[in-house]
Amino acid sequence: MNRRRPRRPRRPAPATPAGLPELATSRFHPWFGDLQRLSLWRMLTRLPALIATALRWSWKASPRDTLLTVGLNVAAGAFSAIVLTAVVGILQGLFAEGPTPERLQAALPSLLLAGAAALTRAALRSAAIWAQGRLTPMVERVVEVELVSLTTATRLEAFDDSDWCDQIHRARTLGVYEAGRITGYAADIATELVSLLAVATVVTVLHPVLLPLLALTVAPVGWAAIRSARMRYARMRALSTSNRLLYMYTHAMTEREAAAELRAYAMRPMLLAEFARISDHVRDALLAVVGRQTTTRAVGDVLGGIATLATYAALVALLLAGLMPLAVAGAAYLALGQGKAALDRLMSAVNSCYESGLYLSDLLEAFDHARRRTPPATGGTSPGPLKELRVQGVDFAYPATEANALTGVSITVERGRVVALVGENGSGKSTLATLISGLYVPDAGTITWNGTGIADLAPGELHARIGLIRQQYHQWPFSAERNITMAAPGAAEPDRLGRALRLSGADQVVEDLAHGLDTPLDTRFKDGEDLSGGQRQRIAAARGLYPQADLVIADEPTAALDARAEERLFSTFQAAADGAAVLLITHRLASTRSADWIYVLDHGHVVEQGTHTDLITHGGLYAELYGIQAAAYNGATPNRHTEEVP
Ligand SMILES: Nc1ncnc2c1ncn2[C@@H]1O[C@H](COP(=O)(O)OP(=O)(O)OP(=O)(O)O)[C@@H](O)[C@H]1O
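Residues numbered from 1 in each chain as written. Predicted model: local features only at pLDDT ≥ 70, side-chain atom pairs only at ≥ 80, totals over all residues. Heavy atoms only, no water.

*Asks:* Please set out the sheet that holds strand S6 (residues 466-469) residue by residue, giving values where relevant.
*Replies:* Strand order in this open sheet of six strands is S6-S7-S8-S3-S9-S10, and the pairing throughout is mixed. Only two strands of the sheet have a single neighbouring strand rather than two, namely S6 and strand S10 (605-610). Going from strand to strand, the sheet's axes swing by 15° on average, the running direction of each strand aside. As defined by bridge partners, S6 adjoins strand S7 (residues 551-555) across four bridges and the pair is classed as parallel. Within S7, the position partnered with Leu468 by the bridge is Ile553. The sheet strands contacting helix H16 (residues 533-545) are S6 and S7, and the helix crosses S6 at an angle near 170°. (Pairing = 2+ DSSP bridges. Helix = DSSP H or I, 4+ residues; strand = E, 2+ residues; numbered from the N terminus. Axes fitted to C-alpha atoms, helices over the stretch in contact; angles between N-to-C directions. Contact = heavy atoms within 4.5 Å.)

Shown next, in the form of structure tokens:
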């Protein structure tokens, strides 16, 4: 009867820190399954493939330094082998029968050889370390470039997945670092394997029983090292979210973006306390690992010590039993010492490689996930100039949520028309704009460009035909000019730039900048200047207008603009609609009066549509919202359908 109880998976994660339920990790968390699959044996068998990947990166980074790193390390290993053989020769010469001067003379060639080989080995090692040192930053760069080229190509929805965010954070902070080092560790393994080959040959020639005994001395230490590396890796994975959170807190507390808000709201004590609480949680979790690692290593060291004693005891027994002459025993003693040192170094290199391999395998998985989330860059029909964009029966829920943000939405935007989307906060306007831009894919329904589904169009060409002025825009730490012209590929075109500046009102912003268009829009860099909210919005509008797109999607483009700038921008949209279509999202209902068609969204549904006059006559949600805004100007009491604001 089999009495063995089934093995219970070890709990991988530290306890959740009090008050931080968002950091809870469970054994059912997806990564735990991955770790179970990455058993020691499986990981060791995957190492060659991982090393091959690392070598490919190294080759890409610098073929010369890769050849030097591997070649010099292997050569250094070969010279270690020569040193060992020569030292054994010295001992055998010295312990041989005969008068001392003759024995010394017999040992002299081996002595000279050992000295020369040791010197050459040292020189080769130094050169190998130099090549390895050059290779590391070059590989890191190659991997970093690959990482950002993948993360910038994935579908937007990837960033709504917290596991993906954790994985990318680990890839950035640990994976890239380890990828730069694994080639060096692999080269160290090659070095030690070559010198070990010599040890194994010498030891086996001296006595066959010595080799397995030698292997026994290092096996427990190697097991302990690999086991503790796995513990550290498992804990780092479990702490991914905490570490990402700490990274975000550090960024917020050391950078400018949140500096004013942090001070104005007296948030400092709360943030510092939160920061301390999470870092204490990380510290405690890591300290707990240190304890377990120490125990594991102690067990490995004790077992290794016992095996070493047994090896030397076997040597003495062979000597006493007359099975081994004294000269051979002396050589064997030395070879065992050298062999143990070489095996220890090999174990250390394998362990470093194994630990790097864990992170590298995580990095490769992140790359793989990124590729699976990336739409094909080529292929697809070329979208011609826009005649009509049609959204039909579109349903959409964000990946992390169950409720639909949009349900059964149908709208049409034709060339030469300004179409407005209005509705209260959270009604789904920005979501619809993002779907039309092709950044998210609807769960149901279709979005067509001149009758072809946008998913079947070449994504690059589609994006080039859409000018997006987003509600949450990013101001890059570049010059004012680059902040605008980066919206279209290729060199800046002065005519287009001039037009975009004029239409958006950003020309007035640039006029006031000390270095005009060359001024960096970030005071953290030399000669940089900061802009007001409205000025930033004008730059963002210029960016959206610069590509002279077929469809301009303007999501709340005037929220921060003064009345004159707002009026000017709305006239711009009217003018832009001559050669293009404009989809305008706004809460300023005075501006929608001149729109050709208005769709009113409510809780993700289109509840009304028509011209301004139609909708006012209809007396629904639009008329109510318009009435509230108009009343604020003419002092009348608004006709509210919903509950009154107290
Ligand atoms: N990335 C996201 N993940 C999950 N839910 C989201 C995400 N972005 C928006 N939502 C939700 O989708 C719904 C529609 O949001 P959306 O931003 O489209 O509204 P909106 O009409 O543009 O609002 P506002 O007028 O405030 O800009 C809201 O309930 C919002 O909470």
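Having seen the structure, we can now continue with the description.
*Asks:* How would you summarise a nonpolar patch on the surface if you had to cite specific residues and measurements?
*Replies:* A cluster of nonpolar residues, Leu94, Phe95, Leu104, Leu319 and Leu326, forms a patch on the protein surface that exposes about 440 Å² of accessible area. Note on placement: Phe95 falls in helix H3 (residues 63-95). For Phe95, a relative accessible area of 39% translates into the label partly exposed. (Patch = residues over 30% accessible without salt bridge, like charges linked within 9 Å, V, L, I, M, F, W, Y side chains within 5 Å. Areas by Shrake-Rupley, 256 points an atom, 1.4 Å probe, with all protein chains shown as cover. Salt bridge = Lys/Arg side-chain N within 4 Å of Asp/Glu carboxyl O. Buried < 20%, exposed > 50% of the residue type's maximum accessible area, 1.4 Å probe, protein only.)

*Asks:* Describe in detail the UniProt feature "transmembrane region" (unreviewed entry) in the chain, supporting the description with residues and values.
*Replies:* In the UniProt entry, the feature "transmembrane region" (unreviewed entry) is given for residues 66-94, 209-226 and 312-336. With 94% helix and 0% strand, residues 209-226 has its two end C-alpha atoms placed 27 Å apart. Helix makes up 80% of residues 312-336 and strand 0%, whereas the separation of the span's terminal C-alpha atoms amounts to 9 Å. (UniProt positions renumbered as here; feature names shortened; annotations may be inferred.)

*Asks:* Which residues make up helix H5 (residues 162-206), and what values do they have?
*Replies:* At Ala171, H5 is deflected by roughly 45°, the largest bend along its length. Its side-chain oxygen at 2.9 Å from the backbone nitrogen of Asp163, Asp161 defines the N-terminal cap of H5. (Bend = angle between axes of the 7 residues up to and from the residue. Polar contact = N/O pair within 3.5 Å; in protein donor to acceptor, adjacent residues only side chain to side chain.)

*Asks:* Account for the site of the ligand, naming residues and giving values.
*Replies:* Surveying the vicinity of the ligand reveals 14 residues, the closest of which are Gly426, Lys429, Ser430, Thr431 and His587. Interatomic distance of 3.4 Å between a side-chain N/O atom of Tyr398 and a nitrogen atom of the ligand. A distance of 2.8 Å separates an oxygen atom of the ligand from a polar side-chain atom of Ser430. For the ligand, the accessible surface in isolation is 640 Å², of which the surrounding protein chains cover 65%. Residue classes in the shell around the ligand are distributed as two nonpolar, nine polar and three charged. (Near = heavy atom within 4 Å. Nonpolar A, V, L, I, M, F, W, Y, C, P; charged D, E, K, R; others polar.)

*Asks:* I'd like a rundown of the nonpolar core, residues and numbers included.
*Replies:* Of all hydrophobic cores here, the largest spans 63 residues; its most connected members are Trp57, Val143, Met324, Leu360 and Leu363. Elements supplying a minimum of two residues to this core: helix H2 (40-61), H3, helix H4 (100-151), H5, helix H6 (210-238), helix H9 (268-320) and helix H10 (326-372). Element by element, the count of residues in this core is highest for H10, at 20 residues. Contacts of Leu360, omitting those with residues within four sequence positions, involve Leu50, Ala54, Trp57, Ala179 and Ile182. Counting 40 residues, the second largest nonpolar core, distinct from the first, contains Ile484, Ala488, Leu589 and Val600. (Core = buried A, V, L, I, M, F, W, Y, C linked by side-chain atoms within 4.5 Å.)

*Asks:* Give me the lowdown on the sheet that holds strand S2 (residues 406-414), citing residues and values where you can.
*Replies:* Spatially, four strands are ordered S2-S1-S4-S5 in an open sheet, and the strand pairing comes out antiparallel. A single partner strand is all that each edge strand has here, and the edge strands are S2 and strand S5 (452-453). The pairing of strand S1 (residues 388-396) with strand S4 (residues 444-449) spans five bridges and is classified as antiparallel. Note that in S4 the partner of Asp395 across the bridge is Ala444.

*Asks:* Give a detailed account of the packing of aromatic side chains, specifying residues and quantitative values.
*Replies:* All chains considered together, the criterion is met by nine aromatic pairs. Relative to Trp164, the ring of Phe159 lies with its centre 6.0 Å away and its plane at 90°, an arrangement referred to as edge-to-face. Under the relative-accessibility criterion, Phe159 is labelled partly exposed at 43%. Accessibility expressed as a relative area gives 2% for Trp164, which makes it buried. Measuring from ring centre to ring centre gives 6.0 Å for Trp476 and Phe478, while their planes differ by 10°; the resulting arrangement is stacked. (Phe/Tyr/Trp six-rings, centres within 6.5 Å; stacked < 30°, edge-to-face > 60°.)

*Asks:* So what's going on with H6? Which residues, and what values?
*Replies:* Look at H6: 43 Å from first C-alpha to last across 29 residues, which is about the 42 Å you get at 1.5 Å a residue. The sharpest bend along H6 reaches about 30° and sits at Val218, with the proline Pro220 one to four residues further on. (Expected span 1.5 Å × (residues − 1).)

*Asks:* If you had to explain the domain arrangement of the chain to someone new, which residues and values would you point to?
*Replies:* Taken domain by domain, the chain holds domain 1 (42-372), domain 2 (378-465 + 549-641) and domain 3 (478-548). Once you take the C-alpha centre of each, domain 1 and domain 3 turn out to be 50 Å apart. (Domains from an automatic or database assignment.)

*Asks:* Could you give me a rundown of the pairing of S4, with the residues and numbers involved?
*Replies:* The two faces of the sheet receive side chains in turn, since in a regular strand these alternate between them. The pairing of S4 with S5 spans two bridges and is classified as antiparallel. Among the inter-strand pairings, Trp449 is bridged to a residue of S5, identified as Thr452. Where S4 folds back on S5, the antiparallel hairpin that results is connected by two residues, among which Asn450 adopts a positive phi of roughly 50°.

*Asks:* Requested: an account of the pattern of salt bridges, with residues and values cited.
*Replies:* Tallied over the full model, the rule gives 24 salt bridges. The partner of Arg373 in a salt bridge is Asp161, with the nearest N and O atoms 2.7 Å apart. Within this pair, whereas Arg373 is found in the loop between H10 and S1, its partner Asp161 is found in the loop between H4 and H5, the two being separated by 212 residues in sequence. In this structure Asp161 comes out as partly exposed when scored by relative accessible area, which is 23%. Between Arg390 and Glu388 there is a salt bridge, and its shortest N-O distance comes to 3.2 Å. Arg390 gets classed as partly exposed once you look at its relative accessible area, which sits at 31%. The exposure class assigned to Glu388 is partly exposed, which follows from its relative accessible area of 23%. Three or more residues are tied together by salt bridges with common partners; here these are Arg64, Asp65 and Arg134.

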